[in-house]
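One letter stands for each residue in the lines below.
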Amino acid sequence: RRFKFNLEAVLRLAQKALEDERIKLASILKAFNQQKEILSNMQETSFKMQQEIDDYLNQESFQPEMIENYFAFLRRINSDIETQKRIIERTQLDILKQQLSAKQAYIKVKSLENLKEKEKEKYNKELEQEEFKLMDDIVNSKRIIA
């Protein structure tokens, strides 16, 4: 008779759930990295805008409307940067939640795999004992015949 793990279907389902959790985590991490890149671009734009304002202020031809436009755009960029930072914070919380879900799924899979391994070891020991018993019976039957 062959070894059969009674909870094999449960183990397969747990492994599938773990894979799903890992895929979700990878998706959230990808979005997080994209959000960080967007923030970096916004910060770079803000820095360039600040330099343009400084360069414009150092020119001899000074137009107050132009300065006001620059500052309005800079305020808008800075507001967008703050919004993006809040989005990143929420995504970090989502990452932590998803990591916890993936960890719990991993623990479930690992415990089922450990249970399967223990049952297989028990099966192998029983099989070994049966073989010894069978060998012993063969040896004893040959003694009786002789």
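Residues numbered from 1 in each chain as written. Predicted model: local features only at pLDDT ≥ 70, side-chain atom pairs only at ≥ 80, totals over all residues. Heavy atoms only, no water.

### Remarks on the overall build of the protein
- Regarding its fold elements, the protein presents 2 helices and 0 strands.
- Against the compact-globule benchmark of 15 Å for 146 residues, the protein has a radius of gyration of 34 Å, which places it well outside the compact range.
- With 146 residues in all, the protein has 20% of them scored as buried.
- Look at the contacts in the protein between residues 6 or more apart in sequence, and 85% of them connect residues 24 or more apart.
- Here the protein displays about 11600 Å² of accessible surface, and carbon together with sulfur accounts for 54% of that area. (Helix = DSSP H or I, 4+ residues; strand = E, 2+ residues; numbered from the N terminus. Rg over C-alpha atoms; globule rule 2.2 N^0.38 Å. Buried < 20%, exposed > 50% of the residue type's maximum accessible area, 1.4 Å probe, protein only. Contact = heavy atoms within 4.5 Å. Areas by Shrake-Rupley, 256 points an atom, 1.4 Å probe, with all protein chains shown as cover.)

### Observations concerning the pattern of salt bridges
- One pass over the full model with this rule turns up 7 salt bridges.
- With a shortest N-O distance of 3.7 Å, D80 and R76 are connected by a salt bridge. Of the two residues, D80 and R76 are both situated in helix α2 (residues 64-145); the distance of 4 residues between them amounts to about one turn of the helix. (Salt bridge = Lys/Arg side-chain N within 4 Å of Asp/Glu carboxyl O.)

### Remarks on the packing of aromatic side chains
- A complete count under the given rule lists 2 aromatic pairs for this structure.
- Pairing F3 with Y123 gives two aromatic rings, centres 5.5 Å apart and planes at 55°, and the pair type is tilted. One end of the pair, F3, is in the segment before α1 (8-57); the other, Y123, is in helix α2, and 120 residues separate them in sequence.
- The interplanar angle of 50° and the centroid separation of 5.8 Å between the aromatic rings of Y56 and Y70 together place this pair among those described as tilted. Of this pair, Y56 sits in helix α1 while Y70 sits in helix α2, placing them 14 residues apart in sequence. Residue Y56 shares its accessibility class with Y70, and that shared class is buried. (Phe/Tyr/Trp six-rings, centres within 6.5 Å; stacked < 30°, edge-to-face > 60°.)

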